[in-house]
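For reference, the chains in residue letters:
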Amino acid sequence: MLTFRKILFNLMAWSIVLAVAFPLFWMLVTSVKPGFELFRRPPTILPETWTFEHYWKLLSETNFLIYFRNSIILSSATTLVVVAVATLGAFSLVRFKYRGRESLAFLVLFTYLLPSVVLIIPLYLLLVGLGVSNTIFSLVIAYTTFALPYALWLLRSFMAGIPEDLESAALCDGATRMGAFRDVILPQLLPGIISTALFTFILSWNEYLYALVLVNSDSSRPLTTGVMNMLISSFNIEWSLLMAASVMMSVPLIIVFAFLQSYLTRGFGAGGVKG
Amino acid sequence: MSRQKTLLERRYAALGLTLIAPTVLIFSAVIVYPLFSAIYLSFYNVFTPTLEGEWVGLSNYAELLQSGKFWNALKNTLIWTIGSLSLQLIFGIGMALVLHQNIWFRSLARSLILFPYFISTVVAVLVWKWLFNDLYGILNHLLMKVGIIDFPMDFLGTMPNAMISVIMVGAWKYFPFVVIAVLARLQSIPDALYEAAKIDGAGPIARFFDITLPQLRDVLVVIVMLRAIWDFKEFDLIFLLTGGGPLNDTQTLPLLVYQEAFALNDMGMASAYAVVMMLIMLVFMIVYIRRTKDDEGS
Amino acid sequence: MAEVVFSKVQKKFGAFTAVHGLDLSIAEGEFVSLLGPSGCGKTTTLRMLAGLEFPSSGDIQIGDRVVNDLAPGQRDIAMVFQSYALYPHLTVGDNIGYPLKKRGVGKAERLAAVAKTAELLQLTELLKRKPRQLSGGQQQRVALGRALVRDPQVFLLDEPLSNLDAKLRGYMRVELVELHRRLGRTMVYVTHDQLEAMTMSDRIAVMEGGKLQQFAPPAQVYAEPANRFVASFIGTPGMTLIDGDLSQTGGVWTFNAPGLSMPVGPLTDEATAGPACLGVRPEHVSIGTGPVQGVIQVVEKTGHENIVIIGLEGGHRLTGRVPAPQSWSIGESVQLTLEAEHAHIFGAGPHGARLNRPHETAPLKTKHNPDKTKPKLQKAANE
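Parameters at a glance
Position numbers for residues count from 1 along each chain, tracking the sequence in the order it is written. Starting at A for chains and at 1 for ligands, labels are handed out in the order in which the entities are written. With pLDDT at 70 or above as the cut-off, local features in this predicted model cover only qualifying residues; side-chain atom pairs require 80 or more to be listed or tallied, and sums for whole chains, interfaces and linings still use all residues. Side-chain calculation: all heavy atoms of the structure are included, whereas hydrogens and water are not. Helix and strand assignments follow DSSP, with helices taken as H or I runs no shorter than four residues and strands as E runs no shorter than two, numbered in order from the N terminus. Burial here depends on accessible area, computed with a 1.4 Å probe over protein chains only, as a share of the maximum for the residue type. Under 20% is buried, over 50% is exposed, and the range in between is partly exposed. Residue contacts follow a heavy-atom distance rule, with two residues in contact if any of their heavy atoms lie within 4.5 Å. The Shrake-Rupley method, run with a 1.4 Å probe sphere, supplies the accessible areas, and residue values consider only the shown protein chains as cover. Known as pLDDT, the predictor's per-residue confidence is scaled from 0 to 100. Here, expected helix span is obtained from the residue count minus one, scaled by 1.5 Å. Here the buried area means the combined drop in accessible surface, using a 1.4 Å probe, for two parts upon being joined, counting both sides. By definition here, a salt bridge exists when the distance from a side-chain nitrogen of Lys or Arg to a carboxyl oxygen of Asp or Glu is within 4 Å. What qualifies as a polar contact is a pair of N or O atoms within 3.5 Å, subject to a donor-acceptor requirement within protein and to the restriction that residues adjacent in sequence count only when both atoms come from side chains. Exposure above 30% relative accessible area and no salt bridge define the residues that can form patches, which grow by joining like charges within 9 Å and nonpolar side chains of Val, Leu, Ile, Met, Phe, Trp and Tyr within 5 Å. To pair, rings of Phe, Tyr and Trp, with the six-membered ring standing in for Trp, must have centres within 6.5 Å; the planes then decide the type, stacked if under 30 degrees apart, edge-to-face if over 60, and tilted in the middle. Throughout this description, the term charge over a ring refers to an Arg CZ or Lys NZ atom that lies within 6 Å of the ring centre and within 35 degrees of the ring normal. For this classification, the nonpolar set comprises Ala, Val, Leu, Ile, Met, Phe, Trp, Tyr, Cys and Pro, the charged set comprises Asp, Glu, Lys and Arg, and every other residue, Gly included, is treated as polar. As a rule, the C-alpha atoms of each element are fitted with a line to give its axis, helices using only the stretch in contact, and angles between N-to-C directions run from 0 to 180 degrees. A pair of strands is labelled paired if DSSP reports no fewer than 2 bridges between them. Working definition: roughly parallel below 35 degrees, roughly antiparallel above 145 degrees, roughly perpendicular at 65 to 115 degrees, and oblique for all remaining angles. Each crossing gets its hand from how the near helix is turned against the far one by less than a right angle, where anticlockwise is left-handed and clockwise is right-handed.

1. Structural notes on the overall build of chain C
Scanning chain C for helices and strands turns up eight helices and 19 strands. Judged by the C-alpha coordinates and their principal axes, chain C covers about 75 × 45 × 45 Å. In chain C, which comprises 383 residues, the proportion classed as buried is 52%. The contacts of chain C with a sequence gap of at least 6 include a subset with a gap of at least 24, amounting to 66%. Of the roughly 16400 Å² of accessible surface on chain C, 51% is carried by carbon and sulfur atoms.

2. Looking at the confidence of the model for chain C
Residues and elements named next belong to chain C. Mean pLDDT over chain C: 87, with 93% of residues reaching 70 or higher. Note on residues 361-383: pLDDT is under 50 here. Beyond four places in sequence and across chains, it has 40 contacts. The complex prediction reports pTM at 0.88, with the ipTM value standing at 0.90.

3. Looking at helix 4 (residues 136-148) of chain C
Between its first and last C-alpha atoms helix 4 of chain C spans 18 Å; for 13 residues at 1.5 Å apiece the expected length is 18 Å, and the two agree. Helix 4 of chain C sits mainly inside the fold: eleven of its 13 residues count as buried. When helix 4 of chain C is considered as a whole, its buried residues turn out to be G137, Q139, Q140, R141, V142, A143, L144, G145, R146, A147 and L148 of chain C. Looking at the buried side of helix 4 of chain C, the elements it contacts are helix 8 (164-172) of chain A together with strand 6 (77-80), helix 2 (92-102), helix 3 (107-120), strand 7 (154-158) and helix 5 (166-183) of chain C.

4. As for the interface of chain B and chain A
With 92 residues of chain B in contact, the opposing surface of chain A contributes 91 residues. Its largest share of buried area at the contact with chain A, chain B owes to W104, F118 and W130 of chain B, together 10% of the area lost on that side. Across the chain B-chain A interface, the total number found is zero salt bridges. At the boundary of chain B with chain A, the tally comes to nine residue pairs in polar contact (both at pLDDT 80 or more). At 21 residues, the largest contribution of residues to the side of chain B that touches chain A is made by helix 1 (residues 7-41) of chain B.

5. Points about a nonpolar patch on the surface
Taken together, the side chains of I7 and L11 of chain A together with W104, F105 and L108 of chain B present a nonpolar region at the surface, about 500 Å² in accessible area. Inspection of the secondary structure assignment puts F105 of chain B in the loop between helix 3 (68-100) and helix 4 (106-118).

6. A word on the packing of aromatic side chains
The full count for this structure, using the stated rule, is 43 aromatic pairs over all chains. On the numbers, 5.3 Å between centres and 90 degrees between planes, the contact of Y117 of chain B with F118 of chain B is edge-to-face. Both residues of the pair, Y117 of chain B and F118 of chain B, belong to the buried class. Plain terms: the ring middles of W128 of chain B and W172 of chain B are 5.4 Å apart, the flat faces sit at 75 degrees to each other, and that makes the pair edge-to-face. A residue pair is termed long-range when its members are at least 10 positions apart, and W128 of chain B in helix 5 (residues 121-132) and W172 of chain B in helix 7 (residues 161-187) qualify at 44 residues. Under the relative-accessibility criterion, W172 of chain B is labelled buried at 8%. Here the aromatic residues Y112, Y150, F199 and F257 of chain A together with F115, Y117, F118, Y174, F177 and W230 of chain B are joined through ring pairs into a cluster of three or more. A cation over a ring is seen here: R177 of chain A above Y12 of chain B, with NZ or CZ 4.5 Å from the ring centre.

7. Observations concerning the interface of chain C and chain A
Listed by partner, the interface residues are 19 residues for chain C and 16 residues for chain A. Buried area between chain C and chain A, both sides added, is near 1500 Å², and the carbon and sulfur share of it is 56%. The interface formed by chain C and chain A holds eleven residue pairs in polar contact (both at pLDDT 80 or more) in total. Where the side of chain C that touches chain A is concerned, the elements lending two or more residues are helix 1 (42-50), strand 6 and helix 2 of chain C. Taken together, the residues of the side of chain C that touches chain A sort by class into twelve nonpolar, three polar and four charged.

8. Focus on the packing of helix 2 (residues 59-66) of chain B against helix 3 of chain B
Residues and elements named next belong to chain B. At a minimum axis distance of 4 Å, the contact between helix 2 and helix 3 shows a crossing angle of 65 degrees. Along the contact surface, helix 2 presents L64, L65 and Q66, while helix 3 presents G68, F70 and W71. Class assignment for the residues of the contact of helix 2 with helix 3 results in four nonpolar, two polar and no charged.

9. Regarding helix 2 of chain C
Note that an α-helix has 3.6 residues per turn; residues three or four places apart therefore point the same way. Burial analysis of helix 2 of chain C places eight of its eleven residues in the buried class, the great majority of the element. Regarding helix 2 of chain C, the residues found buried are V92, G93, N95, I96, G97, Y98, P99 and L100 of chain C. Lining the buried residues of helix 2 of chain C we find helix 8 and helix 9 (177-206) of chain A together with helix 3 and helix 4 of chain C. Backbone geometry just after helix 2 of chain C places G104 of chain C at a positive phi near 75 degrees.

10. Some points on the sheet that holds strand 13 (residues 260-264) of chain C
In any sheet, the strands associate via hydrogen bonds between backbone groups, in a parallel or an antiparallel arrangement. Residues and elements named next belong to chain C. As summarised here, the arrangement of the five strands in space is 13-12-11-14-19, forming an open sheet in which the pairing is antiparallel. Each end of this open sheet is capped by a strand with a single partner; those strands are strand 13 and strand 19 (344-347). For this sheet, the mean inter-axis angle between neighbouring strands, taken without regard to orientation, is 40 degrees. Direction of pairing for strand 14 (residues 274-280) relative to strand 19: antiparallel, over a ladder of four bridges. Within strand 19, the residue paired with A276 across the bridge is G347.

11. Some thoughts on the pairing of strand 2 (residues 52-55) of chain B
All names here are of chain B. Judged from the four bridges that link them, strand 1 (residues 44-47) and strand 2 form a sheet pairing that is antiparallel. Bridged to Y44 within strand 2 is W55. In sequence, strand 1 turns back onto strand 2 through a hairpin of four residues, with L51 there showing a positive phi of about 60 degrees.

12. Brief notes about the packing of helix 4 (residues 64-95) of chain A against helix 5 (residues 101-113) of chain A
All names here are of chain A. Where helix 4 meets helix 5, the axes come as close as 9 Å, and the angle between the chain directions of the two elements is 135 degrees. Taken as axis vectors, helix 4 and helix 5 run oblique relative to one another. For the pair helix 4 and helix 5, the sense of crossing is left-handed. When helix 4 is examined against helix 5, the residues S92, L93 and V94 are found in contact with a partner set consisting of R101, L104, A105 and V108.

13. Topic: the pattern of salt bridges
What the rule picks out here adds up to 22 salt bridges over all chains. Residues R146 of chain C and D173 of chain A are paired through a salt bridge, measuring 3.4 Å at the closest nitrogen-oxygen approach. Of the two residues, R146 of chain C is situated in helix 4 and D173 of chain A in the loop between helix 8 and helix 9; the pairing between them involves two chains. Note on accessibility: R146 of chain C and D173 of chain A belong to one class, buried.

14. Let's talk about the side chain of T111 of chain A
By the element assignment, T111 of chain A lies in helix 5. What makes T111 of chain A buried here is its relative accessible area of 5%. Setting aside residues up to four positions removed in sequence, T111 of chain A forms contacts with P149 of chain A together with F27 and I31 of chain B.

15. Details of the sheet that holds strand 16 (residues 305-312) of chain C
Residue and element names in this part refer to chain C. Taken in spatial order, the four strands line up as 17-16-15-18 in an open sheet, and their pairing is antiparallel. Edge positions in the open sheet fall to strand 17 (317-323) and strand 18 (333-338), since each of these has one partner strand only. Direction aside, the axes of adjacent strands within the sheet are offset by 50 degrees on average.

As C-alpha cells, this is what we get:
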C-alpha cells in the first residue's frame, strides 16, 4: 500500500538525487544543443534541435582522438603494471613471513596517503634527468607513485579475505606455494583484481597534476590536460564542444557503471573505508 | 633460545621476498628516493629552467614561516578542508540514510549519486564552470528567476564567492564517498537492534541517535580522517576552478607548491612548502595508520 | 603406512610458546586424537606435522624420514580441515581430483579414482556441483574424499566434525572409525570434543597449555587420568574434585577435607602428607548409606539416569550418577559412600599428578590393536 507519506518521501529523495545529478544531465544536454540554442533566454531544458555536430567537430577538428588514444594507452599500461606487481606483492605481504613485512605494509599505507605535490618536483627532475620527460612512459612511471600503493592496499585487503585454509589445503594436496597461488588464490582473488584494476584505471584516467607537469606536447598529452588545454587555448570558449569532450571523456566510466558497478562498490569496502 | 629455521621456512621467506621485490624496487625508485630528494632539495635554491642550485640551509624554511603566502595558503587549506569535509559529511550521511530506505529505483539512485565521485575532476570543473557562467550559466538564470539575486553573480572571480563555490563543488564531487561508506555500514547494523528499540518505545529520532549514530561512529572516524587527508592535499579541483584566485584567496598549500616550482621557478622553496605541508599531514596520517594497525591487531 | 614421531618439538610465536618440547610417538596404523581445550596447542601440533607451521626446535618424523625440511606436498599426508577448505571455483569432482592432478596422474586414471572415491562416499550424484551448492554434511564428505583419493601415509583431521549438527556428527564418527579400520592408515585427529576422542581413538593425547598431559588409550585416560587436569577434562559430568589434606598413619593414607574423611590408597612413593586433591567419578558415589553426610541440591533427569548434585557439610559439592528410577527431592539429607577403591588422589596444584598406585591386574586394554590382527583391506579408492 502506498501511503501519502511514502510518496512524499520518494519525491523528496528523488528530487535530491536529481539535483545531485543535474550537472551531469546539463553536460549531456549542452553537448547536443546547437550553438545558438545555448544562449537562449530562458534556457531550454531539453534541446529543441538535437545535433551531434559538436561531437563530429571534436573528433575531426581537434586533437581529441590523439588524447583519447594516449589516455587509453597510459591508463592500460599503468593498470597492467600496477596490478601485476601489486598482486604478487599483496600475496607476499599477506601470506609470507619475513623480517620487515609489517613495516613494509605500513609504508604502503603511508605512501597511499602521501600528497602528489611532495613527490612531483623530484620526480620531474628524475624523469628529465633520465631523458624520458614528455612521453607517455614518463607518466606511467609517475602514476605508479599513487596507483601502486593504492592497488597494493586494496589487494592486500582482498587477499586477507581469502581463507588461509584454502592455500593450506592446496599445499597438502601437493601444490607448491606458487602452484597454490595459481590454482586456488588467483581464482578467488579475481573479483578483487577486477575491482582494483577498475579503480586503478579510473584513477589514471582522471589524473591531472602529473600530466600537467610532465607532458607538454600534444602527441603524448592525455585527455585531462588535453581537454583543459582546449578550454584555455581557445579564444572563444565553445561550451558545447567542451561538454561533448566531457561526455566522451566519461565514456569508459559510463561503461564501467553500466556493467561493472558491483566491482566498484566492492573496492570501496575493501580499501577505501575499512583501511 | 637460538632459533634454527627449517630449510622450508627459509625457502618460503626467500620466495616471499622475491615476490615483494618488484614492489620494493618501484617504491624505492619512485617514492622513497623522491621523498628524501624533496627534503634534500628544500635546503637548496633551485632555478627551475636551468636546474642549477646552491645550498642555502634552512633559509627556505625561515622565509616560509615569515612569508604571508604560507600562512595565507595554510588558512585557505584549512577553510577548504573543514568547509568541504563538513558538507560532505552532512550530505553524505543524509543521503546514505535516504538511500538506506526502500525508495523507488534505489540502485539507479545510487548510481546517479555515485557518479560525481568517479568522473574526472577536469570534467567536473568544466561542467561547473559552465553552470557558473556569468552570462549564460543556468545557475545565475535560476537564481535571478527565483529572485534571490537581481544581477548575475560572479561565482569564481570574487570573494567570498570563490571559496564558497570551490567548497560546494568539492562537496558535490566527494560526498558520494561518504554515502557509500556509511551505506555499507548501515546495511550491516542488525535489524534486531531496531526491533528491540521499537519494543522499548523508541521513536525514529531516538532510534537514530541511540542506535544508528553509535553504530556509525567507527566508520565515521575513518571517513573523517581519510577525507581530511585527501581534501587537504587536493590540487586538481581548486587549481582548475580558480587557479588559486582571486588574488590568492583560494590558494591552498598544494597550489602554492605548484606555483613556486613551476610558475615562480624556485624548486627549493617549493620543496620546503611541500615538506612542511607533509609534516602537517603527518599528524593525520599517523593517527589514521595507528588506528588501522589497532584494527588489524584485534 | 608410517609411524609419526615428535621429538622435543617446540613452537614459539614470538614470545608465546604454543607447544613445549613435545615428545609423542604414534604407531603405524594407529588412530590418535589430540584432545584439549582451545589454545592448548593441538592444532599447531597438527599443522606442524602437515608442514603448514614450522617447529622452532625439535624433529618431526613420518615413517623413517625427518620431515622438518619437506614441503607439505612431499610429506605424503592428506589433511581434512575444520572449514573443509574446498576450492570454491572447482566442481566436486575437480576438488577430489586435485591432489592427483598435482601429482601428475593422467586424466583418465584421475577420473576413475575420483569416481571410485565418490562412490565410496556417496558423492557420485554431486560430482558436477560446486561446493557452495552442497549441504554441510556433503561438503564434509567432499573434504574427506579429497583426502582419501590418494593413499597417503598419514591422514590429518582438524576438527572435521565440529561444523556438523549433533546427529550427523554421531553418524560420521562411526563412518570415520569404519574408514580407519578399512584403510588401516595412521590417522591423527584433532578435537576438543572428548566424546569424539573417546569413541574413535586407539590412543588419546591430552594436551593443555602446549604440553602433553597424558598419552594413553581412552579407557585408561578415563580410569587412570595422569593428573588433575586430565581428570577434570575427561568425563561428563565431570569428576568431583575436592581439595584437602593427605595424612599417613601406620602405612594407611587418609584424605581429609571439611565434612569428609576417608581412607585412600594404595599410593605411590611420591605421595607425601600435606595438601592434595581427591577425585571421584559420579558413578562411584553411592547414595543411601555411608559415612558422609550431604544434602541434595540439584537433580538433573536425563532419562536413563539422574545426575545428582549433593552439597557436603564442608561446603564442597559432589556429583553423583544413579539409574533413573532412583531420585531424591531437593533439600533432602542423604548418607553417601565414596568408593575408596575408585577414588583418585592428585598432588596439589592444577596439574597435580595422580598418586594412586597402578592396578595390579590392568583392567584396561587398548580398544583394538592397530597391527597384524587387523585385516588389511584394500584402500578405498585409489588402487
